Each structure stands twice: as C-alpha cells, then as structure tokens.
Amino acid sequence: MDFNLTEEHLMIQQAARDFAQNELLPGVIERDEKQIFPTEQIKKMGQLGFMGMMVDPKYGGSGLDTISYVIAMEEISKVDASASVVMSVNNSLVCWGLQAFGTEEQKQKYLPGLASGEIHGAFCLSEPEAGSDATSQKTSGIDMGDHYLVNGTKNWITNGNTASVYIVIVQTHAEKKHKGINALIMTKDMAGFSVGPKEQKMGIRGSDTHSLMFNDVKVPKENRIGEDGFGFKFAMKTLAGGRIGIASQALGIASGAYELALKYSKERKAFGTEICNHQAIAFKLADMAVNIEAARHLCMKAAWDKDQHNNYDVSGAMAKLFASQVAMDTAVEAVQIHGGNGYVKEYHVERFMRDAKITQIYEGTSEIQKIVISRAVIAG
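Residues numbered from 1 in each chain as written. Predicted model: local features only at pLDDT ≥ 70, side-chain atom pairs only at ≥ 80, totals over all residues. Heavy atoms only, no water.

A. Fine view of the overall build of the chain. Broken down by element type, the chain carries 11 helices and 10 strands. Taken over the C-alpha atoms alone, the chain extends approximately 80 × 45 × 40 Å along its principal axes. Taking all 380 residues of the chain together, 55% fall into the buried category. Of the contacts made within the chain by residues no fewer than 6 positions apart, 73% connect residues no fewer than 24 positions apart. Seen as two clouds, the 39 positive and the 45 negative side-chain charges of the chain have centres 3 Å apart. (Helix = DSSP H or I, 4+ residues; strand = E, 2+ residues; numbered from the N terminus. Buried < 20%, exposed > 50% of the residue type's maximum accessible area, 1.4 Å probe, protein only. Contact = heavy atoms within 4.5 Å. Lys, Arg positive; Asp, Glu negative; His and termini not counted. Charge placed at Lys NZ, Arg CZ, Asp CG, Glu CD.)

What follows is the structure, encoded as structure tokens:
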C-alpha cells in the first residue's frame with residue numbers, strides 16, 4: 001500500500017485549492033443567501049478541466065483517474081458545496097454514464113461540450129413517488145417505433161434549469177417492472193419539456209434544483225443509452241460511482257468546517273487563553289481530525305477500487321455513509337466551537353452545517369447505503 005499522492009495528484013490538489021480560494025470563496029455567502037447559480041465559476045472549472053476529469057481526452061476530457069477526482073472534489077467542497085455538486089453530477093453521473101455506456105455517436109455529440117464546461121448535464125431519476133425506491137418509475141416512455149413519447153415528472157433535479165443535457169430514466173415497458181426501464185438523453189428544447197420553479201432549499205442554495213415535467217415529449221430512439229431495458233442497471237451502475245463523488249463532497253465539507261474551527265480556536269480567547277488550550281475544545285478537534293482522516297481513506301479506497309476495475313458498490317456505499325455522517329458531525333461541532341459567531345453567516349460554518357445534511361440524502365440516503373452494505377456483509 002502506498003499512501004503518498006503522486007506529483008500529478010499534488011498538482012491537481014493545489015490547482016483545485018487555488019481555484020476554490022481565489023474564484024469560489026469571494027461571493028460564496030451572497031450566492032448562498034440569494035440562491036445565485038455560480039455560472040462563471042462553473043465555466044472556469046471547465047476550462048481548468050474539472051468538469052470532465054475522467055473523460056477520455058479524445059472527447060475533450062482530462063483523462064484522469066478517480067483519485068484525482070476525489071482530491072479535486074474535496075478541495076472545491078471545502079469552500080462551495082453548491083459548485084461541487086454541479087461538478088459531481090456532471091462528472092460522475094452524466095459524463096461517466098455516457099462514456100461507459102453510450103454509443104460512439106452519443107459520445108461524440110455530447111461529451112466534448114460537457115467535459116469542457118461549455119455546457120453541463122443533469123441526471124433525472126427521482127420522482128414524487130420514486131426516491132429511494134428507484135424501481136417505482138412512473139415517468140413513461142411509450143414506444144412509437146422510431147421514438148419514445150415521454151410523459152411524467154422528475155423531482156429534486158440538480159442543474160434542473162441550467163443543464164443542456166438531461167439523462168432521464170423512464171419506464172417503457174411497465175409489465176417488465178425494473179427490467180422495462182430505459183435511460184434517454186433529452187434536451188430542454190424538446191417540445192413538451194418544461195422546468196418547474198426553483199426549490200427553496202436549506203443548503204446547497206447556489207445550485208439550482210427543480211422539478212421537470214414532460215408532456216408528450218418525442219425522444220428519438222437513437223437517444224436511448226444501451227440496449228432496451230438497460231435503464232435500471234444503468235442508473236444503479238452510474239449511482240455507484242456518483243456516491244464516490246458525494247462522499248468526496250461530504251469529506252470536503254467536513255475538512256472545510258474543521259479548518260475554520262481549528263483556525264478560530266487558535267484566535268479566540270476565553271478564561272485567559274486561546275480556546276484550543278481548553279480540553280473541551282481540544283478533544284473536539286481531535287475527534288474531527290480522526291474522523292476526517294478515516295473518511296478520506298474510505299473515499300480513496302473506493303476511488304482506487306474504481307480505478308482498478310474492482311467492484312466498488314460496497315466501498316462507495318461505505319465511503320458515502322461514513323463521510324456524510326462525518327460532514328454532519330464536524331459541521332455541527334464547528335458551529336459549537338465558534339460559539340455565537342458560528343450562528344452568523346460571515347463565519348461560514350453555519351452554511352457548512354446546512355450543506356452537510358444533503359450528503360446523507362441525495363444519490364442514495366444513508367439508509368440505502370446500509371442496505372447495500374448489509375446485503376454484501378450477509379452474503380459474504
């Protein structure tokens with residue numbers, strides 16, 4: 001086992017850190033408060049190669065490994081989780097899914113724009129009655145020969161209004177249940193495609209989350225990803241990798257909150273000394289450091305499994321389950337260490353606490369991760 005980052009990894013880490021501090025930190029509080037999508041920042045992320053990190057260079061991507069992606073996600077998420085979720089969805093769910101399972105024509109048509117950050121994508125699985133139970137898809141796609149006629153609603157879609165490419169999971173053969181599900185590539189300019197109002201969210205308020213409605217949308221057959229009935233497997237395989245991205249986001253939120261708490265504890269004085277010298281605070285910092293290091297190792301292990309072409313369903317689920325809990329616990333304690341200032345926006349940690357919660361929910365709740373892990377443990 002080699003726990004050292006390569007020179008390339010260190011360069012990626014520094015580039016992501018510099019970008020986060022110089023481009024994302026200014027204005028991050030205002031974007032959160034006013035729910036402003038980081039349009040210019042996302043374009044710059046694309047120019048730096050962060051929007052198509054694992055995409056093959058022949059499609060305009062960076063051609064990097066998953067470990068590089070984890071490293072960059074952590075650094076971006078230390079500052080702005082709203083920006084990092086755009087990066088995560090584009091990399092893990094849209095680009096990876098298209099590259100792994102799309103036709104050559106689909107790759108040539110969509111990946112260069114997505115990888116460059118010129119456009120970004122959305123992954124549309126959740127519905128009003130199909131959150132954790134992804135098999136209960138109600139959005140229908142009637143087979144009309146050369147196209148599908150799509151009707152239905154998708155909920156809580158990240159990049160819902162700003163995306164240009166949407167991968168939509170639809171039920172095309174209800175009698176086959178989950179084996180009748182397909183993944184279709186859709187664009188917002190298709191007739192009958194409409195976007196609902198922006199969701200008023202507790203956290204990641206800079207990202208745009210919307211419901212999508214489809215009313216007799218004609219989707220050409222060539223926009224289907226994979227063979228007929230592959231949609232559910234496609235969604236599960238794609239989400240398995242997506243969980244590594246969200247685990248890395250959670251890791252970054254935890255790291256960002258911890259670094260702010262550590263810095264504050266060395267500046268704030270109480271009872272005649274810096275509060276870091278009080279055991280009550282020092283032990284909180286110790287717990288934070290241990291848990292973050294453990295979360296980082298789980299994220300790296302999952303990324304390594306993916307890069308080695310091992311099965312990463314369980315390691316990804318473990319990373320997301322643990323890292324999201326660490327994000328929540330660390331952010332809450334960071335607010336506590338800041339005391340009254342922790343409740344004030346200008347100190348950032350209250351935003352980390354609000355942002356952390358969603359990492360336990362999207363791309364598979366913590367309860368779903370436990371199902372994945374427990375089944376594997378019991379099966380041996």
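B. Region of interest: the nonpolar core. Of all hydrophobic cores here, the largest spans 89 residues; its most connected members are Met45, Met87, Leu98 and Phe123. When residues in this core are grouped by element, the largest group, 16 residues, is from helix α7 (residues 231-267). Every residue in contact with Met87, bar those within four places of it in the chain, is listed here: Met45, Phe50, Met51, Met53, Tyr69, Ala72, Met73 and Ile76. Val168, Met190, Val217 and Val219 belong to the second-largest nonpolar core, a separate cluster that totals 17 residues. (Core = buried A, V, L, I, M, F, W, Y, C linked by side-chain atoms within 4.5 Å.)

C. Geometry of the side chain of Glu127. Counting through the fold element by element, Glu127 comes out in the loop between β1 (121-124) and β2 (140-143). When its relative accessible area of 2% is taken as the criterion, Glu127 is described as buried. A distance of 2.7 Å separates a polar side-chain atom of Glu127 from the backbone nitrogen of Lys138. The contacts of Glu127, once residues within four sequence positions are left out, are Ser136, Gln137, Lys138, Thr139, Thr153, Lys154, Asn155, Trp156 and Ile169. (Polar contact = N/O pair within 3.5 Å; in protein donor to acceptor, adjacent residues only side chain to side chain.)

D. Quick peek at helix α5 (residues 81-101). The first and last C-alpha atoms of α5 sit 28 Å apart over 21 residues, in line with the 30 Å expected at 1.5 Å per residue. Within α5, the axis deviates most sharply at Cys95, by approximately 30 degrees. The residue sitting at the N-terminus of α5 and contributing the capping side-chain oxygen is Asp80; that oxygen lies 3.0 Å from the backbone nitrogen of Ser82. (Expected span 1.5 Å × (residues − 1). Bend = angle between axes of the 7 residues up to and from the residue.)

E. Focus on the UniProt feature "domain: Acyl-CoA dehydrogenase/oxidase C-terminal" (unreviewed entry) in the chain. Mapped onto this structure's residue numbering, the UniProt feature "domain: Acyl-CoA dehydrogenase/oxidase C-terminal" (unreviewed entry) falls at residues 231-377. Along residues 231-377, the helical share is 78% and the strand share 3%, with 27 Å between the first and last C-alpha atoms. (UniProt positions renumbered as here; feature names shortened; annotations may be inferred.)

F. Inspection of the pattern of salt bridges at higher detail. Under the criterion given, the structure shown has 18 salt bridges. Between Glu40 and Lys43 there is a salt bridge; the shortest N-O distance is 4.0 Å. One end of the pair is Glu40 and the other is Lys43, both in helix α3 (residues 39-47) and 3 residues apart, which spans about a single turn. Residues Lys154 and Glu127 are paired through a salt bridge, measuring 2.8 Å at the closest nitrogen-oxygen approach. Note that Lys154 is positioned in strand β3 (residues 147-158) and Glu127 in the loop between β1 and β2, a separation of 27 residues in sequence. Given a relative accessible area of 0%, Lys154 falls into the buried group. One network of salt bridges, in which partners are shared, links Arg17, Glu75, Lys78 and Glu259. (Salt bridge = Lys/Arg side-chain N within 4 Å of Asp/Glu carboxyl O.)

G. Quick peek at the packing of aromatic side chains. Considering all chains together, one arrives at 9 aromatic pairs under this definition. Here Phe19 and Phe50 contribute two aromatic rings whose centre-to-centre distance is 6.4 Å and whose plane-to-plane angle is 55 degrees, an arrangement assigned as tilted. One end of the pair, Phe19, is in helix α1 (residues 7-24); the other, Phe50, is in the loop between α3 and α4 (66-77), and 31 residues separate them in sequence. Each member of the pair Phe19 and Phe50 is classed as buried. Taken together through their ring pairs, the aromatic side chains of Trp96, Phe101, Phe123, Phe230 and Phe234 make up a single cluster. Across the ring face of Tyr148, the terminal group of Lys221 is positioned such that the distance to the ring centre comes to 5.2 Å. If you follow Arg351 out to its NZ or CZ, it ends over the ring of Phe352, 5.4 Å from the centre. (Phe/Tyr/Trp six-rings, centres within 6.5 Å; stacked < 30°, edge-to-face > 60°. Lys NZ or Arg CZ within 6 Å of the ring centre and 35° of its normal.)

H. Molecular detail of unusual backbone geometry. Although it is not a glycine, Lys177 adopts a positive phi angle of roughly 55 degrees. Mapped onto the secondary structure, Lys177 falls in the loop between β4 (165-171) and β5 (181-186). With phi around 75 degrees, His348 is a residue other than glycine that occupies positive phi space. Tracing the backbone shows His348 in the loop between α9 (313-338) and α10 (349-358).

I. Representation of the pairing of β4. The buried count for β4 comes to 7 of 7 residues, which makes it a mostly enclosed element. Here 4 bridges tie β1 to β4, and the two strands are oriented parallel to one another. By the bridge assignment, Cys124 is partnered in β4 with Val168. Pairing geometry for β4 and β5, over 6 bridges, is antiparallel. (Pairing = 2+ DSSP bridges.)

J. The packing of α7 against α9, seen in detail. Running from amino to carboxyl end, α7 crosses α9 at an angle of 25 degrees, the nearest separation of the two axes being 7 Å. Taken together, the axis directions place α7 and α9 in an arrangement best described as roughly parallel. Helix-helix and strand crossings are classified by hand; for α7 and α9 the assignment is left-handed. Considered class by class, the residues forming the contact of α7 with α9 number 20 nonpolar, 5 polar and 3 charged. (Axes fitted to C-alpha atoms, helices over the stretch in contact; angles between N-to-C directions. Parallel < 35°, antiparallel > 145°, perpendicular 65-115°, else oblique. Left-handed = near helix turned anticlockwise from the far one by under 90°. Nonpolar A, V, L, I, M, F, W, Y, C, P; charged D, E, K, R; others polar.)

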